[in-house]
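These are the residues of each chain, in order.
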Amino acid sequence: MKLGFLFGFLIYYAILLIFYSQAYPYMDEGFTTTVEFGDIGYRTGYVLLTPYEEDFNSWDFTQWHFFDGWYLVYNSGYCVDDDNDDCFTSPADENASTYTTIDIDLTGCSDSDEIIVQAYVSNEGITGGNSLILQVSDDGTAPDTSIGIFANSTMNGTMQMNISNDYAVDDFRLGFYALINDEGRFYIDDVTISCYVDDDYLSEEAEVNASVGIGDFFLFTVFGIGLPDDTPIWFKYAFAVWQSIVTIMFMAFLYQAIRGS
């Protein structure tokens, strides 16, 4: 009977070992970067790292800070034609700024390359010298450094601007300033912040995140510690307690089996 229980526990831990060895690369806290391999335009041999992308879906637009009248609009003909059809719009006939309040980690960007900011920009009734200006900061504050004119009355569609790699920090923030001197308003959608990294960086990241650490595996199998960051706290605690109890029972059955034999 005792050996039967012991055999059952051994099977349980064997299955857990197989599961964890396969799942661990995706559980590691640092394994969050989305990487697309292939040639990117004239940057042959490089790969694209996209640490931030925002299409202003209705459930996550609150990460942008509003002031001076910027607001979210739905089902607008000036937005990207996707399933949500929502975007930001500046107030008409009025200067206004908006920026993200979520830090964007750009520390993986290559030292020799620039950061690429893209957005789908359209306008309504824009006249005169009105401009949409790109702003950034590298200290976690509201962006107050104007990089340049991102769009004007003659520019519609997907805009792109490259900025210095000096801003590749973990608290980079992005903002837009609508300079309205005459009439009209700007719409912004489908914002993407990207940079280029070389193969050596990705290889180092893969090596760091692809192996199962003995210490991490021990903590997971014995105490249930090591679930993904986005696992609910209550489940982490419940799993840790359950796994600890199972381990204690396993050790008890092992001791009884050895002593009984």
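On a predicted model such as this, the values are computed, not experimentally measured, just so you know.

**Section: the nonpolar core**
No. 1: By size, the foremost hydrophobic cluster in this structure holds 35 residues, and its most contacted members are Leu132, Phe150, Phe172, Leu174 and Phe176.
No. 2: Looking at this core, the elements that each hand over two or more residues are strand S7 (115-124), strand S8 (131-137), strand S9 (145-152), strand S10 (157-163), strand S11 (173-179) and strand S12 (185-197).
No. 3: Per-element accounting of this core gives the leading share, 5 residues, to S12.

**Looking at the sheet that holds S8**
Backbone hydrogen bonds hold the strands of a sheet together, and the pairing may be parallel or antiparallel.
No. 1: Judged by pairing direction, the sheet is antiparallel, and its 5 strands sit side by side in the order S3-S6-S11-S8-S9 without closing on themselves. Only two strands of the sheet have a single partner each, and these edge strands are strand S3 (64-66) and S9. With direction set aside, neighbouring strand axes in the sheet form an average angle of 25°.
No. 2: As defined by bridge partners, strand S6 (residues 96-100) adjoins S11 across 4 bridges and the pair is classed as antiparallel. Bridge pairing links Ser97 to Tyr177 in S11.

**A short note on the pattern of salt bridges**
No. 1: All chains considered together, the criterion is met by 2 salt bridges.
No. 2: For Asp103, the salt bridge is made with Arg173, and the minimal N-O distance between the two is 2.8 Å. Taken together, the residues Asp103 in the loop between S6 and S7 and Arg173 in strand S11 connect sequence positions 70 residues apart.
No. 3: Taking the relative accessible area as the measure of exposure, Asp103 reaches 38% and is therefore partly exposed.

**Some remarks on unusual backbone geometry**
No. 1: Phi at Asp93 takes a positive value of approximately 60°, unusual for a residue other than glycine.
No. 2: Inspection of the secondary structure assignment puts Asp93 in the loop between strand S5 (86-89) and S6.
No. 3: Looking at Asp93, the relative accessible area reads 49%, which means it is partly exposed.

**Focus: the side chain of Thr89**
No. 1: Assignment of secondary structure puts Thr89 in strand S5.
No. 2: Only 3.3 Å separates the side chain of Thr89 from the backbone oxygen of Phe186, close enough to count as a polar contact.
No. 3: If we skip the residues at most four places from it in the chain, Thr89 touches Gly69, Trp70, Tyr71, Val73, Arg185, Phe186 and Tyr187.

**Here's the deal with the state of the cysteines**
No. 1: In the structure shown here, the tally under the stated rule is 1 disulfide.
No. 2: The residue that forms a disulfide with Cys79 is Cys87, at a sulfur-sulfur distance of 2.2 Å. Residues Cys79 and Cys87 are joined through a disulfide that is left-handed, its torsion about the S-S bond being -60°.

**Overview of the packing of aromatic side chains**
No. 1: Going through the model one piece at a time under the given rule, you end up with 6 aromatic pairs.
No. 2: Arranged with centres 5.8 Å apart and planes meeting at 90°, the rings of Trp234 and Phe235 form a pair that is edge-to-face.
No. 3: Phe235 gets classed as partly exposed once you look at its relative accessible area, which sits at 35%.
No. 4: Ring centres of Phe235 and Phe239 lie 6.2 Å apart, and the angle between their planes is 20°; this geometry places the pair in the stacked category. With Phe235 and Phe239 both in helix H4 (residues 233-260) and 4 residues apart, this pair spans about one turn of that helix.
No. 5: Following the ring pairs from residue to residue traces out a cluster consisting of Trp234, Phe235, Phe239 and Trp242.

**Topic: the side chain of Asn123**
No. 1: One can find Asn123 in strand S7.
No. 2: In terms of polar contacts, Asn123 uses its side chain to reach the side chain of Asn156, at 3.2 Å.
No. 3: When sequence neighbours within four positions are dropped, the list of residues in contact with Asn123 reads Tyr78, Asn152, Ser153, Met155, Asn156, Arg185, Phe186 and Tyr187.

**A word on the confidence of the model for the protein**
Any residue range with low pLDDT should be treated as having predicted coordinates unsuitable for detailed reading.
No. 1: Put simply, the protein has an average pLDDT of 76, and 73% of its residues get 70 or more.
No. 2: Across the protein, S8 holds the top mean pLDDT of 93, while strand S1 (residues 35-36) sits lowest at 42.
No. 3: Throughout residues 28-46 the model reports pLDDT below 50, and contacts reaching past four residues in sequence, or to other chains, amount to 34 contacts.

**What about the pairing of S8?**
No. 1: Most of S8 is tucked away: 7 of the 7 residues are buried.
No. 2: Residues Ser131, Ile133, Gln135 and Ser137 point to one face of S8 and Leu132, Leu134 and Val136 to the other, with burial holding for every one of them.
No. 3: As paired elements, S8 and S9 share 6 bridges and run antiparallel to each other. Bridge pairing links Leu134 to Gly148 in S9.
No. 4: In terms of strand pairing, S8 meets S11 through 7 bridges, oriented antiparallel. Paired with Val136 across the bridge in S11 is Leu174.

Criteria and thresholds
- Residues numbered from 1 in each chain as written.
- Predicted model: local features only at pLDDT ≥ 70, side-chain atom pairs only at ≥ 80, totals over all residues.
- Heavy atoms only, no water.
- Core = buried A, V, L, I, M, F, W, Y, C linked by side-chain atoms within 4.5 Å.
- Buried < 20%, exposed > 50% of the residue type's maximum accessible area, 1.4 Å probe, protein only.
- Helix = DSSP H or I, 4+ residues; strand = E, 2+ residues; numbered from the N terminus.
- Pairing = 2+ DSSP bridges.
- Axes fitted to C-alpha atoms, helices over the stretch in contact; angles between N-to-C directions.
- Salt bridge = Lys/Arg side-chain N within 4 Å of Asp/Glu carboxyl O.
- Polar contact = N/O pair within 3.5 Å; in protein donor to acceptor, adjacent residues only side chain to side chain.
- Contact = heavy atoms within 4.5 Å.
- Disulfide = S-S within 2.5 Å.
- Phe/Tyr/Trp six-rings, centres within 6.5 Å; stacked < 30°, edge-to-face > 60°.
- pLDDT = per-residue confidence, 0-100.

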